[in-house]
Amino acid sequence: MSFLLFPWISVAVLGVLSYYLWQWTYWKRRGIPGPLGYPFLGVFLDSISEELPGPLKVREWTKKYGKTFGFTEGLMKTLVISDPDLVQEVFVKQYDNFYGRKRNPIQGNSEKEKRTNLFSAQGYRWKRLRTISSPTFSNNSLRKINTTVEDCALELMRHIEERSAGGEPIEMLRFYQEFTLDVIGRIAMGQTDSQMFKNPIFPVVRKLFQGSYSRLFLIGAVLPPFLVEIVRQILLKTLKMGSFRKINVITMKAVEDRIKQREEDEKNGIEPGEPQDFIDLFLDAKADDVDHFGEDNGDFTKSASYTNRQLTTDEIVGQCTVFLIAGFDTTALSLSYSTYLLATHPGIQKKLQEEVDRECPDPEISFDQLSKLKFMECVMKETLRLYPLGTFANSRKCMRATRLGGVEVEPGTMVQVDTWTLHTDKSIWGEDAEEFKPESWLSDTDHFFQKGGYIPFGLGPRQCIGMRLAYMEEKLLLAHILRKYTFETGAKTEIPLKLVGAATTQPNSVWMHLKLRN
Ligand code: HEM
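Note that the structure is a prediction, hence the values are computed from the model and not measured. (Residues numbered from 1 in each chain as written. Predicted model: local features only at pLDDT ≥ 70, side-chain atom pairs only at ≥ 80, totals over all residues. Heavy atoms only, no water.)

1. Re empty space enclosed by the protein
Empty space among the atoms can be located by rolling a probe the size of a water molecule over them.
Working step 1: A full pass over the atoms with the stated rule returns 2 cavities of 30 Å³ or more.
Working step 2: Roughly 40 Å³ of volume is contained in the second largest cavity.
Working step 3: Along its surface, the second largest cavity is lined by Ser141, Lys144, Ile145, Pro275, Gln276, Asp277 and Leu281.
Working step 4: Per-element accounting of the lining of the second largest cavity gives the leading share, 3 residues, to helix H7 (residues 139-164). (1 Å grid on protein atoms, 1.4 Å probe; cavity = no way out; pocket = protein on both sides within 12 Å on 5 of 7 lines; lining within 4 Å. Points joined across faces, edges and corners; volume = space filled by probe spheres on them. Helix = DSSP H or I, 4+ residues; strand = E, 2+ residues; numbered from the N terminus.)

Here you go:
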């Protein structure tokens, strides 16, 4: 019997191998330049190499192959772009052709999962989640959580005071991660008080962003489709995805507890008060206009199971979890890069301190005072220009055949922006594009707003939903720190920063002395 099966198995294996080889030469056959890597794997080994973080490797390739090039990782094919017009085309003008985001198959099928989230969902499901979630990040909602965020900032100040009292330097990235986790824990995961430096999920969350785990995760790109689900289940039970599960369990409990508490309050005739956090806001949220979207293509039509105007418990857990994952490291990194740039540009730091002293004279810093910190905003914008974050998210999946700058793009092709190159393109930013010059955001910024030229939070309908929250957290914390301290570099500070990472880029460390101001 096995003898009879042999020819069929051989044909099947040969078929799979030939298909992999055919895909490996995909861009070459179309005359698009790019790194070939190895047969079957494409550039997968470069993606997991520790030599250079992924986004910086892509920047090197742009230098070599130009502003449009392609690469493959197993069966996944990616077109990389760094021309602002093409970015605008993909993210805005041709949004209907590119409404999915690049995803590794090991992340599962966002169409089928009960607990999908805003980051992974696409089509109608994404639109519904986005419509329901958007009010949660409005000025009105952020104003309500300003006190909680300030509480977290003041708690971090206590830890900074303790740690810096003897003149010891502080590793600021670690401190900022404690702050951002505390904020998300308190506004999206049901945490009732500060857990700074004692939160049991801190190592679990941090692990998600560590290089070795991120690299393992990338393996899904090169597996044949029939193996993806098997490997996914193994990873879910063991490594990185085990961390996802722990976070999900904590959030699920918080949401269920809140639902029970609301039911009990209702039974006892207690009037619902002001929403305390995102869980309350999500439980209250309704999308009245969700079925009035006018897309004329089939992808946005409602599937029977997701027409509910309110979020299901699973969806609330999905949203809160993704806010933790999308908001924890990004905001902490942005604060770390700003800190480094301020310490290495003392004149700019002084100017910022003067603004903070002028605009925030009271012990507490109000939501309205934050909007007066214009120079602070320039510092944050300029930081994200020089050190863009989460750049892997600045990607789209082609959903229907189209053309992009003369290149035919087939459905299933991923389009990735090389944000690092875009943000220092001399034709947009001038000859001193690599320099830190926040004051230029104060003056005529028309040339900065070349459409598609500056995308720290992405662009178009899928732009980062947490942008205003991130700015609010950063402004509040930096204002409190800079009123009291000046950042100074020391022997342990790495200058220039040593950048590490796999799918993301982060500084190896950001050691700072916090010198008390007179
Ligand atoms: C400095 C901090 C942050 C940076 C630099 C950042 C950056 C980004 C980028 C580049 C994208 C992709 C946008 C696109 O595809 O057009 C994104 C999407 C997203 N971000 Fe952020 N982010 C930050 C903070 C946050 C925070 C605090 C949250 C939530 C609490 C958050 C939640 C999300 C979500 C849910 C998406 C997906 C949006 C969608 O597809 O509809 N981010 N972010």
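2. Considerations on the coordination of the iron atom of the ligand
Note on metal sites: the ideal angle is 109.5 degrees for four tetrahedral donors, and 90 or 180 degrees for six octahedral donors.
Working step 1: There is one protein donor for the iron atom of the ligand, and it is Cys464 (SG), at 2.3 Å.
Working step 2: The topology assignment puts Cys464 in the loop between helix H19 (426-429) and helix H20 (467-484). (Donors = N, O, S within 2.8 Å, 3.2 Å for Na, K, Ca; no water.)

3. Brief notes about the pattern of salt bridges
Working step 1: Summed over the entire model, instances satisfying the criterion amount to 24 salt bridges.
Working step 2: Here Glu410 and Arg30 are joined by a salt bridge, their closest N and O atoms 3.3 Å apart. Placement of the pair is Glu410 in the loop between strand S6 (407-409) and strand S7 (414-417) and Arg30 in the loop between helix H2 (26-29) and helix H3 (44-48), with a sequence separation of 380 residues.
Working step 3: According to the relative accessible area criterion, Glu410 is partly exposed, its value standing at 31%.
Working step 4: In this structure, Arg128 and Glu315 form a salt bridge, with 3.0 Å as the shortest nitrogen-oxygen distance. Of the two residues, Arg128 sits in helix H6 (residues 123-133) while Glu315 sits in helix H14 (residues 313-343), which places them 187 residues apart along the sequence.
Working step 5: One connected set of salt bridges, linked through shared partners, spans Arg258, Arg262, Asp277, Asp280 and Asp284. (Salt bridge = Lys/Arg side-chain N within 4 Å of Asp/Glu carboxyl O. Buried < 20%, exposed > 50% of the residue type's maximum accessible area, 1.4 Å probe, protein only.)

4. Remarks on the site of the ligand
Working step 1: The full set close to the ligand counts 31 residues, and Arg101, Trp126, Arg130, Arg396 and Cys464 are the nearest of them.
Working step 2: The contact in question runs from an oxygen atom of the ligand to an N or O atom on the backbone of Ala393, over 3.3 Å.
Working step 3: At the level of elements, H6, H14 and H20 are the ones that each hand at least two residues to the shell around the ligand.
Working step 4: In terms of residue count, the dominant contributor to the shell around the ligand is H14 (6 residues).
Working step 5: Residue composition of the shell around the ligand, by class: 17 nonpolar, 9 polar and 5 charged. (Near = heavy atom within 4 Å. Polar contact = N/O pair within 3.5 Å; in protein donor to acceptor, adjacent residues only side chain to side chain. Nonpolar A, V, L, I, M, F, W, Y, C, P; charged D, E, K, R; others polar.)

5. Some details on a nonpolar patch on the surface
Working step 1: Residues Leu5, Trp8, Ile9, Val13, Leu17, Leu21 and Phe40 make up a contiguous nonpolar surface patch of about 660 Å² in total accessible area.
Working step 2: As for its position among the elements, Phe40 is in the loop between H2 and H3.
Working step 3: For Phe40, a relative accessible area of 33% gives the class partly exposed. (Patch = residues over 30% accessible without salt bridge, like charges linked within 9 Å, V, L, I, M, F, W, Y side chains within 5 Å. Areas by Shrake-Rupley, 256 points an atom, 1.4 Å probe, with all protein chains shown as cover.)

6. Observations concerning the confidence of the model for the chain
Working step 1: Per-residue pLDDT for the chain averages 88, and the proportion of residues at 70 or more is 90%.
Working step 2: Two numbers describe this predicted complex: its pTM, 0.92, and its ipTM, 0.99. (pLDDT = per-residue confidence, 0-100.)

7. Re the sheet that holds strand S11 (residues 511-516)
Working step 1: Here we have 3 strands laid out as an open sheet, ordered S3-S11-S8, and antiparallel in their pairing. At either end of the open sheet lies a strand with only one pairing partner, and these are strand S3 (170-171) and strand S8 (485-488).
Working step 2: Bridge count between S8 and S11: 4 bridges; the pairing is antiparallel. The partner of Glu488 across the bridge, within S11, is His513.
Working step 3: H20 contacts S8 and S11 of the sheet and is inclined by roughly 95 degrees relative to S8. (Pairing = 2+ DSSP bridges. Contact = heavy atoms within 4.5 Å. Axes fitted to C-alpha atoms, helices over the stretch in contact; angles between N-to-C directions.)

8. Points about the environment of Gln177
Working step 1: With respect to the helices and strands, the residue Gln177 is situated in helix H8 (residues 172-188).
Working step 2: Measuring from C-alpha to C-alpha, the distance between Gln177 and Thr331 comes to 8.2 Å, with 154 residues separating the pair along the chain.

9. Some thoughts on the UniProt feature "binding site: heme" (unreviewed entry) in the chain
Working step 1: The UniProt entry lists Cys464 under the feature "binding site: heme" (unreviewed entry), expressed in the numbering used here.
Working step 2: The residues contacting Cys464, other than those within four sequence positions of it, are Arg130 and Phe457. (UniProt positions renumbered as here; feature names shortened; annotations may be inferred.)

10. Notes on the pairing of strand S1 (residues 68-73)
Working step 1: For S1, a buried count of 5 out of 6 residues is recorded, marking the element as mostly surrounded by other parts of the structure.
Working step 2: Hairpin geometry of S1 and strand S2 (residues 76-81) is characterised by an intervening segment of 2 residues between the two adjacent antiparallel strands and by a positive phi of about 60 degrees at Gly74.

11. Comments concerning the nonpolar core
Working step 1: Membership of the largest hydrophobic core comes to 103 residues, with the highest contact counts inside it found for Met172, Tyr176, Phe278, Ile481 and Phe487.
Working step 2: In terms of residue count, the dominant contributor to this core is H14 (15 residues).
Working step 3: Membership of the second largest hydrophobic core comes to 19 residues, among which are Val90, Phe91, Phe98 and Leu404. (Core = buried A, V, L, I, M, F, W, Y, C linked by side-chain atoms within 4.5 Å.)

12. Overview of the environment of Arg517
Working step 1: Among the secondary structure elements, Arg517 is positioned in the segment after S11.
Working step 2: Other than its neighbours up to four places away in sequence, Arg517 contacts Gln353, Asp357, Leu482, Arg483, Lys484, Tyr485 and Thr486.
Working step 3: Side-chain polar atoms of Arg517 contact the backbone oxygen of Leu482, separated by 2.7 Å.

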